[in-house]
Amino acid sequence: MAAAASLPSASTAWSRPVPPQPEARAPAAAGPATRWAPAGELRGADGERAVVSLCAGSGTPVMAVSAPATCHRPGTSVRYACLTSDTWTARREGATVASGTLPGSQPSPGPGTYGVTATVHVRSAPAGVDPVGGSG
């Protein structure tokens, strides 16, 4: 029940468009931002599946990472909650700058562009979606 997921080159220092300002005013600082990327799909033996995303948030004193997922089982009207867990790692220029458990956060390593990877375990509530393997 694990899949590797990655969010390549997730920029944690980005800004929103700012309307033209008079030259005497300083430009507005970028606020907190979260980036999402598809991470992969896990499938079970009976057609059940979990679609996983990887999310990295920054712009605050912490870097937060989560791996939300949606779970489906064919032929049922049950709405499954997908619970994800395991670990994540953020790298900048090849060096590990932060890591932790999913979902979780660590002190922000500062502005820059990061590659974020995670190993994700998925389980459903109620039980019934048992995804294995995956891509991402």
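Just so you know, these numbers come straight off a predicted model, no measurement behind them.

Draft legend 1. Highlighting unusual backbone geometry. Note that the residue after Leu102, namely Pro103, is joined by a cis bond; omega there is -25°. Topologically, Pro103 is positioned in the loop between β7 (95–102) and β8 (104–107). In this structure, the amide linkage connecting Ala125 to the following residue, Pro126, adopts the cis form with an omega of 0°. Within the chain, Asp86 stands out as a residue other than glycine whose phi angle is a positive 135°. Relative to the helices and strands, Asp86 is located in strand β6 (residues 81–92).

Draft legend 2. View of the state of the cysteines. Under the counting rule described, the total for this entry stands at 1 disulfide. Between Cys71 and Cys82 runs a disulfide, and the two sulfur atoms are separated by 1.7 Å. Classification of the bridge connecting Cys71 and Cys82 rests on its S-S torsion, roughly 75°, and on that basis the disulfide is right-handed. Here the residue Cys71 occupies a position in strand β5 (residues 69–72), and Cys82 occupies one in strand β6, the gap between them amounting to 11 residues. By relative accessible area, which is 7% here, Cys71 ends up buried. For Cys82, a relative accessible area of 15% gives the class buried.

Draft legend 3. Here's a closer look at the pairing of strand β4 (residues 62–66). Residues Met63 and Val65 point to one face of β4 and are all buried, whereas Val62, Ala64 and Ser66, pointing to the other face, are not buried. Hairpin connection of strand β3 (residues 49–58) to β4: 3 residues between the antiparallel strands, including Gly59 at a positive phi of 90°. Here 4 bridges tie β4 to β8, and the two strands are oriented antiparallel to one another. By the bridge assignment for β8, Ala64 is matched with Ser105.

Draft legend 4. How the structure looks around the side chain of Ser124. One can find Ser124 in strand β9 (residues 113–125). A relative accessible area of 9% means that Ser124 is categorised as buried. Reaching out from Ser124, the side chain makes a polar contact with the backbone nitrogen of Gly128 at a distance of 3.3 Å. Of the polar contacts made by the side chain of Ser124, one reaches the backbone nitrogen of Val129; its length is 3.1 Å. Here Ser124 is in contact with Cys71, Tyr80, Ala81 and Val129, once residues within four sequence places are set aside.

Draft legend 5. Highlighting the side chain of Glu48. Within the element layout of this structure, Glu48 appears in the loop between β2 (33–43) and β3. Look at Glu48: it is buried, it has no salt bridge, and the nearest opposite charge is Arg73 at 4.1 Å. A distance of 3.0 Å separates the side chain of Glu48 from the backbone nitrogen of Asp46, its partner in a polar contact. Beyond its immediate stretch of four places on either side in the chain, Glu48 contacts Leu42, Arg43, His72, Arg73, Pro74, Gly128, Val129 and Asp130.

About the thresholds
- Position numbers for residues count from 1 along each chain, tracking the sequence in the order it is written.
- With pLDDT at 70 or above as the cut-off, local features in this predicted model cover only qualifying residues; side-chain atom pairs require 80 or more to be listed or tallied, and sums for whole chains, interfaces and linings still use all residues.
- Only hydrogens and water are set aside when side-chain values are computed; all heavy atoms of the structure are taken into account.
- Only runs of H or I of at least four residues qualify as helices and only runs of E of at least two qualify as strands under DSSP, and these elements are numbered from the N terminus.
- Here, a disulfide means two cysteine sulfur atoms that sit within 2.5 Å of each other.
- Only protein chains enter the accessibility calculation, which uses a 1.4 Å probe. A residue is then buried if its area is under 20% of the maximum for its type, exposed if over 50%, and partly exposed in between.
- By the convention used here, strands pair only if DSSP detects at least 2 bridges between them.
- Polar contacts, as used here, are pairs of N or O atoms within 3.5 Å; protein pairs need one atom able to donate a hydrogen and one able to accept it. Residues neighboring in sequence count only if both atoms are side-chain atoms.
- Residues are treated as being in contact if the distance between any of their heavy atoms lies within 4.5 Å.
- Only four residue types enter the charge count: Lys and Arg as positive, Asp and Glu as negative, with His and the chain ends excluded.
- When a carboxyl oxygen of Asp or Glu is within 4 Å of a side-chain nitrogen of Lys or Arg, the pair counts as a salt bridge.

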